[in-house]
Amino acid sequence: MPEPVTEFQPELPARFEHPHRGLLPFLGLTCGVSVANIYYNQPLLLQMSSTFHVPAAHSGSVAVATQIGYAVGILSFVPLGDLFERRRLIVQLFAGVALSALLAAIAPTLWVLGLASVLLGLTAAVTHVIIPLSPELADESERGRAIGTVMTGLLLGVLLARSAAGWIAALWGWRVVFALAAAVNLLFVFLLRRRLPALPPPNPLPYREALRSLWTLFRTEPLLRQSTALGMLAFAAFSAFWTTLVFLLGTPHYRMGPGVAGSFGLLGASGALIAPVAGRLSDRRGPRAVVTLSLVLLILSFLILWTLGYHFLGLVLGVIVLDLGQQATQIANQTRIFSLSSKARSRINTVYMTFYFLGGSLGSLLSSIAWMHFHWAGVCALGTGLLLLAALVHVAGARSSSIA
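Cut-off values and rules
Residues numbered from 1 in each chain as written. Predicted model: local features only at pLDDT ≥ 70, side-chain atom pairs only at ≥ 80, totals over all residues. Heavy atoms only, no water. Helix = DSSP H or I, 4+ residues; strand = E, 2+ residues; numbered from the N terminus. Contact = heavy atoms within 4.5 Å. Areas by Shrake-Rupley, 256 points an atom, 1.4 Å probe, with all protein chains shown as cover. Buried < 20%, exposed > 50% of the residue type's maximum accessible area, 1.4 Å probe, protein only. Core = buried A, V, L, I, M, F, W, Y, C linked by side-chain atoms within 4.5 Å. 1 Å grid on protein atoms, 1.4 Å probe; cavity = no way out; pocket = protein on both sides within 12 Å on 5 of 7 lines; lining within 4 Å. Points joined across faces, edges and corners; volume = space filled by probe spheres on them. Nonpolar A, V, L, I, M, F, W, Y, C, P; charged D, E, K, R; others polar. Axes fitted to C-alpha atoms, helices over the stretch in contact; angles between N-to-C directions. Parallel < 35°, antiparallel > 145°, perpendicular 65-115°, else oblique. Left-handed = near helix turned anticlockwise from the far one by under 90°. Phe/Tyr/Trp six-rings, centres within 6.5 Å; stacked < 30°, edge-to-face > 60°. Lys NZ or Arg CZ within 6 Å of the ring centre and 35° of its normal. Patch = residues over 30% accessible without salt bridge, like charges linked within 9 Å, V, L, I, M, F, W, Y side chains within 5 Å. Salt bridge = Lys/Arg side-chain N within 4 Å of Asp/Glu carboxyl O. Polar contact = N/O pair within 3.5 Å; in protein donor to acceptor, adjacent residues only side chain to side chain.

Peer 1: When you look at the overall build of the chain in this model, what are you seeing that I'm missing?
Peer 2: Helix and strand counts for the chain come out as 15 helices and 0 strands. Across the chain, every contact between residues at least 6 apart in sequence was considered, and the portion connecting residues at least 24 apart equals 83%. On the chain, roughly 17,000 Å² of surface is accessible, and the fraction owed to carbon and sulfur atoms is 70%.

Peer 1: I keep staring at the environment of H394 and nothing clicks. Help me out?
Peer 2: Considering the arrangement of structural elements, one finds H394 in helix α15 (residues 345–399). By relative accessible area, which is 8% here, H394 ends up buried. C-alpha separation for the pair H394 and L230, spaced 164 residues apart in sequence, amounts to 7.2 Å. When near neighbours in sequence (up to four residues on either side) are disregarded, H394 contacts Q226, L230, R288, V291, T292 and L295.

Peer 1: Which parts of the structure should I look at to understand the nonpolar core?
Peer 2: For soluble globular proteins, the rule of thumb is that nonpolar side chains tend to be buried together. Among the nonpolar cores identified, the biggest contains 117 residues, and I90, F94, L113, F178, F241, L315 and W376 are the most heavily contacted of them. Apart from residues lying up to four places away in sequence, F178 is in contact with Y40, N41, L44, M48, A101, A104, A105 and L120.

Peer 1: Help me understand the layout of surface pockets, please; the structure alone is not making it clear to me.
Peer 2: Considering only enclosed or pocket space, the second largest pocket measures out at about 290 Å³ in volume. Lining the second largest pocket are 18 residues; nearest its centre among them are G32, V33, A36, Y40 and L160. When residues of the lining of the second largest pocket are traced back to their parent elements, those giving at least two are α1 (24–36), α7 (143–172) and α8 (174–195). In terms of residue count, α7 provides more of the lining of the second largest pocket than any other element does, 8 residues in total. Classifying every residue of the lining of the second largest pocket gives 14 nonpolar, 4 polar and no charged.

Peer 1: Looking at this model, I keep getting lost on the packing of helix α4 (residues 86–106) against α8. Mind explaining?
Peer 2: Helices that pack against each other are described as a pair by the angle of their axes relative to one another and the distance between those axes. One way to put it is that α4 packs onto α8 with a least axis distance of 8 Å and a crossing angle of 165 degrees. In terms of axis orientation, α4 runs roughly antiparallel to α8. Relative to α8, the crossing made by α4 is left-handed. Seen from α4, the contacting residues are R87, I90, V91, F94, A95, V97, A98, A101, L102, A104, A105 and I106; seen from α8, they are W174, R175, F178, A179, A181, A182, N185, L186, F188, V189, L192 and R193. Looking at the contact of α4 with α8 residue by residue, the class counts come to 20 nonpolar, 1 polar and 3 charged.

Peer 1: Before we go on, may I ask you to explain the packing of aromatic side chains in this structure?
Peer 2: What characterises a pair of aromatic rings is the spacing of the ring centres plus the angle enclosed by the ring planes. On inspection of all chains with the given rule, the structure shows 10 aromatic pairs. The interplanar angle of 80 degrees and the centroid separation of 6.1 Å between the aromatic rings of W174 and F178 together place this pair among those described as edge-to-face. Of this pair, W174 and F178 are both found in helix α8, 4 residues apart, which corresponds to roughly one turn of the helix. With relative accessibility at 3%, the residue W174 sits in the buried group. For F178, a relative accessible area of 2% translates into the label buried. Relative to F238, the ring of F235 has its centre 6.1 Å away and its plane inclined at 20 degrees; by these criteria the two rings are stacked. Of this pair, F235 and F238 both sit in helix α10 (residues 222–249), separated by 3 residues, roughly a single helical turn. Taken together, the ring pairs in this structure connect F235, F238, Y352 and Y356 into an aromatic cluster. The cationic tip of R195 hangs over the ring face of F26; the distance from NZ or CZ to the ring centre is 4.7 Å.

Peer 1: Hey, could you run me through a nonpolar patch on the surface in this one?
Peer 2: Taken together, the side chains of L362, L365, L366 and I369 present a nonpolar region at the surface, about 320 Å² in accessible area. Given a relative accessible area of 38%, L362 falls into the partly exposed group.

Peer 1: Help me understand the side chain of N349, please; the structure alone is not making it clear to me.
Peer 2: Checked against the element boundaries, N349 lands in helix α15. At 3.3 Å, the side chain of N349 forms a polar contact with the backbone oxygen of H128. If we skip the residues at most four places from it in the chain, N349 touches H128, P132, Q334, I337 and F338.

Peer 1: Where do I start with the environment of T244 in this structure?
Peer 2: Along the polypeptide, T244 turns up in helix α10. Remark: the alpha-carbon pair of T244 and S364, spanning 120 residues in sequence, is separated by 8.0 Å. If near-sequence neighbours (up to four positions away) are discounted, T244 is found in contact with S367, S368, W371, W376 and V379.

Here it is in structure tokens:
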């Protein structure tokens, strides 16, 4: 296993063009297409419940099934990016996404739709096979910029998936959403085969050994542990807000429904806009400086939401600052962890993203409890507390001789 390394501090050699650098925008688009598959079903649940004549709460199992599949897919498939030729792996997973979406489109029962959703989540984890490619397709001095370019596409996919699915379903029904998704993902099977170069495995290992190495990487890499803790805590705070926003908007003060809450997601465009900026700053100033800035933004956002959350413009401002801080944190963290080992980037990303989504689940759970007992002030106090804990992790890392 690679020895623990200090945080990546980029040198700036003479600039040259990596032969595959032009693929980065295409990879960003590919990430957007793949990640969108796990968000399509969220605005369609009421239509699904009507189709299958079940209570709305039962159709919610479709969204849960997709998330479970996605988490299992990250653990199961993403490590393969270090073991097998990546172009073939990505193409095969995209083919799986297309078939899963088609099964969802024609599902005769809710049970079959749930199965299709698990498979859709499993194969959509291809997103996290693609992301570690970005630093390989650019000069080392532009690693952060490369990650930022790809993450911009991913963020736009998250942003637009719900909106596009909702409008398409309103016009033609929810099955058409998945039929179109199947067609788009099938198109990308051919595009990826044509455009991606052969990408041999950086460190071929037996699969069982690769899975065991996930714990070894976590245990031996202090920077990975620190970045994982930061990402987990930041995403927990982020999820705490989004889980309870609909509750706030439903109070007598606002009297707004879930549709307005969904529209707040469009403000996530601010996060997509900062992704390339955060990437360039990571290259020039180092990722640690960007993490510091992002934590300041995140804490500031919760202070705004706490004090001005019952004023609509204050709520909008808080959401914008929150998205900016969250996406900057993600870019900087991934820039850091991908500097650890070129032979284990997929497995490193597996460790990071597994804890990242665990943090999101924890934030959602704790925020529901906080709302139940202390309402909006409790949610904001929870988010602020999680971020202050992240700041302590960050400061402790800066003082550690092995990470500073």
